[in-house]
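Coordinate inspection notes
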Amino acid sequence: MSELTLLLIRLAFLAVLWFFVIAAVGVIRTDLFGSRTAPAGPRKGVKPAKAVAKPKSKKGEPRQLVVTGGPLQGTTINLTETPITIGRASDATLVVSDDYASSRHARLFPQDGQWIVEDLGSTNGTYLERSKVTRPTPVPLGVPVRVGKTVIELRK
Amino acid sequence: MSEVAEASVTMPAKRRVAQLAMLAFAVAIVMGAYANVGLAMGGAIPSGMLTYGLGLGALMLAAYLVLARFAPWADPLILPLVTLINGLGLVMIFRLSESPSTLPSAKLASPSTQLMWTFVGILMFSLTLIFLRDHRALQRLTYTAGAVGLILLISPLTPFLGQEINGARIWVGIPGVGQIQPAEFAKLALVVFFAGYLVAKRDVLALAGRRLLFIDLPRARDLGPVLITWGVSLGVLVMQKDLGSSLLLFGTFVAMLYIATQRSSWVIIGILLFVGGAIMAGMLFNHVQQRFNVYLNPGDPVLFDAVGGSAQLMQGLFAMGSGGILGTGLGQGHPELIPLAFSDFIFPATGEELGLTGLMALLMMYALLVERGLRTSVAARDPFSKLLAGGLSFLLAWQVFIIVGGVTNLIPLTGLVTPFMSQGGSALLSNWILIALLVRMSDAARKPPPQAIQNEGMTQVFQR
């Protein structure tokens with residue numbers, strides 16, 4: 001093996017190693033810039049189909065539930081058509097371990113493009129901003145909902 | 001129809017194609033590295049390359065299939081990153097076993113053994129994923145895990161079973177199988193215990209106490225757990241002469257305490273306790289003192305020639321120095337001159353051949369792996385997973401820091417393995433189990449919320 005070939009192989013190997021690192025960062029760039037819900041491969045031509053398939057997605061409709069206070073702070077859940085349950089029970093969508101929360105504390109569900117919060121008979125109550133939720137109430141964007149020590153918010 | 005399409009928009013992507021592509025890329029890099037070693041050392045592509053390369057490829061494909069079946073939502077990067085790090089370790093061990101060396105320890109480098117342990121590691125990874133469907137089951141085993149961890153930790157001290165090798169009493173001999181390092185498994189059990197314990201006790205540790213200057217001081221009686229862990233880790237240091245495990249154990253506990261309570265006072269208390277304990281141990285015990293002397297004066301000729309002196313550390317530094325920015329090229333340096341280059345000192349050995357550029361790429365891979373773990377912790381929906389994922393990621397990061405800091409003489413050298421790279425069955429096995437736990441939790445964290453079977457009803461079907 002000539003010196004030159006080995007030198008080229010050596011440089012190529014280092015370049016490939018770094019290319020792997022850069023490719024890995026590329027895979028997670030959706031994580032770093034913006035939400036994880038971004039389409040996986042914009043080049044695959046999936047995007048136009050999706051744009052057609054969501055006629056009801058209006059401006060101002062929440063797409064994410066963000067925990068803004070309490071031990072689970074920073075957690076996000078992407079909103080689908082599925083109701084979200086909050087409580088201490090291990091089958092809840094958002095499991096809070098909090099002495100002030102009931103096992104099935106509250107429920108959030110979509111109705112006519114709005115998200116509604118409903119208290120499920122909790123001991124300490126669910127609060128929308130300052131007022132106690134006594135019957136199913138619509139949750140506007142960015143308004144804090146408090147369950148025990150956990151505070152959640154809907155965001156776009 | 002439109003509802004189905006809508007659901008597919010909002011769900012996080014599985015990224016299976018990306019994962020498979022990255023995995024193939026990682027295996028290809030490893031095969032390229034094998035070819036490079038052979039070309040440089042023998043002038044031909046080594047005959048073992050296909051066996052090793054295809055063997056590794058088949059193993060990773062099997063691991064991928066298990067992952068795709070049992071944890072489809074898992075993070076797409078964890079497995080490829082581990083594959084590449086593990087593969088580069090295999091190549092380095094292969095390369096070290098090829099080069100003639102006069103050192104007595106050089107004969108111990110065995111790429112086939114390491115490949116066998118990689119196989120067992122991936123088997124353990126798969127079994128963990130298959131049998132542990134819900135990681136929250138571990139929360140019920142909190143105190144069991146704590147007891148198991150402690151027993152494993154002290155097991156090398158039992159007469160007849162425990163064995164002392166290279167000055168550290170951290171081995172347990174099993175007749176017919178060989179030796180294992182129980183501390184490697186103990187750390188996993190203890191992280192599970194810490195996570196379960198802190199979930200239960202977090203509130204009192206975070207809230208009670210009073211404020212002094214800028215830090216919130218905890219109550220005296222809440223110091224109990226921290227003091228007990230401190231005592232145990234100092235016991236490991238003194239009785240087993242294992243500085244690395246001691247630092248690893250205590251650091252991980254303090255970091256998890258910080259994650260759980262968000263109070264920096266715990267970190268300050270932890271650092272003060274450990275530094276105080278280490279200085280005391282340094283004054284009282286010879287082997288700790290010798291480590292400090294080597295750390296402070298590695299270039300001292302007397303220490304260099306002494307048994308257990310600074311020769312190994314200096315050879316590692318020389319190796320990285322001769323590697324420089326771009327390295328000597330795989331198979332073209334002399335990493336075989338470093339004692340134990342295939343285990344504790346695989347990092348400087350890699351540094352000589354790949355240079356600073358290669359080492360930085362390697363550290364980036366570890367950093368990305370830890371980042372994926374911490375990301376899992378942030379995205380997890382229950383406190384136990386948050387703490388467990390955070391703790392396991394920190395364990396990995398801390399382990400890399402302790403050994404890399406040690407071989408670069410940033411901190412006193414301790415005998416820890418470089419995760420996934422160093423030759424050693426116990427460490428490889430336990431680290432693969434750690435990765436399986438991270439994969440299991442990232443699957444749970446990234447999975448979309450449970451789907452309802454009807455929109456208005458209360459009845460829901462939960463996927464486990």
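Remember, it's a predicted structure, so these values are computed and weren't measured experimentally.

**Regarding the nonpolar core**
Burial of nonpolar side chains together is a common tendency in soluble globular proteins. Ranked by size, the top nonpolar core spans 141 residues in total, and within it B:Val30, B:Ile78, B:Ala195 and B:Met256 carry the most contacts. Leave out the neighbours within four places in its chain, and B:Met256 touches B:Phe194, B:Ala195, B:Leu198, B:Leu387, B:Gly390 and B:Gly391.

**Here's the deal with the UniProt feature "domain: FHA" (unreviewed entry) in chain A**
Taken from the UniProt record, the annotation "domain: FHA" (unreviewed entry) applies to residues 84–133 of chain A. Between the end C-alpha atoms of residues 84–133 of chain A there is a gap of 16 Å, over a span that is 0% helix and 46% strand.

**Details of the sheet that holds strand β5 (residues 106–111) of chain A**
Residues and elements named next belong to chain A. Across the sheet, 5 strands lie side by side as β4-β3-β5-β6-β9; this open sheet has mixed pairing. The outermost strands of the open sheet, each flanked by one partner alone, are β4 (94–95) and β9 (137–138). Relative to β4, strand β3 (residues 84–87) runs parallel, the two being bridged by 2 bridges. In the strand pairing of β4, isoleucine 86 is matched with leucine 94.

**Things to note about the sheet that holds strand β2 (residues 76–78) of chain A**
Residues and elements named next belong to chain A. Read from one edge to the other, the open sheet built from 6 strands follows the order β2-β1-β11-β10-β7-β8, with strand pairing classed as antiparallel. Only two strands of the sheet have a single partner each, and these edge strands are β2 and β8 (131–132). Pairing analysis gives 3 bridges linking strand β7 (residues 126–128) to strand β10 (residues 145–147), with the strands arranged antiparallel. In the sheet register, threonine 126 faces β10, and the bridge partner there is valine 147.

**Thoughts on the pairing of β5(A)**
Residues and elements named next belong to chain A. With 3 bridges connecting them, β3 and β5 associate as antiparallel partners. Bridge pairing in β5 links threonine 85 to arginine 107. In the sheet, β5 pairs with strand β6 (residues 114–119) via 6 bridges, with the strands oriented antiparallel. Its bridge partner being in β6, leucine 108 is matched across the sheet by valine 117. Counting the residues between successive antiparallel strands, the hairpin from β5 to β6 contains 2 residues, one of them, aspartate 112, with a positive phi of roughly 50°.

**Looking at the environment of B:Arg446**
Residue and element names in this part refer to chain B. Residue placement: arginine 446 occurs in helix α16 (residues 425–446). Owing to 24 C-beta atoms within 10 Å, arginine 446 belongs among the buried residues under this scheme. Measuring from C-alpha to C-alpha, the distance between arginine 446 and proline 72 comes to 9.6 Å, with 374 residues separating the pair along the chain.

What counts and how
Residues numbered from 1 in each chain as written. Chains lettered and ligands numbered in written order. Predicted model: local features only at pLDDT ≥ 70, side-chain atom pairs only at ≥ 80, totals over all residues. Core = buried A, V, L, I, M, F, W, Y, C linked by C-beta atoms within 7 Å. Buried ≥ 20, exposed ≤ 12 C-beta atoms within 10 Å, placed from the backbone. Contact = placed C-beta atoms within 7 Å. UniProt positions renumbered as here; feature names shortened; annotations may be inferred. Helix = DSSP H or I, 4+ residues; strand = E, 2+ residues; numbered from the N terminus. Pairing = 2+ DSSP bridges.

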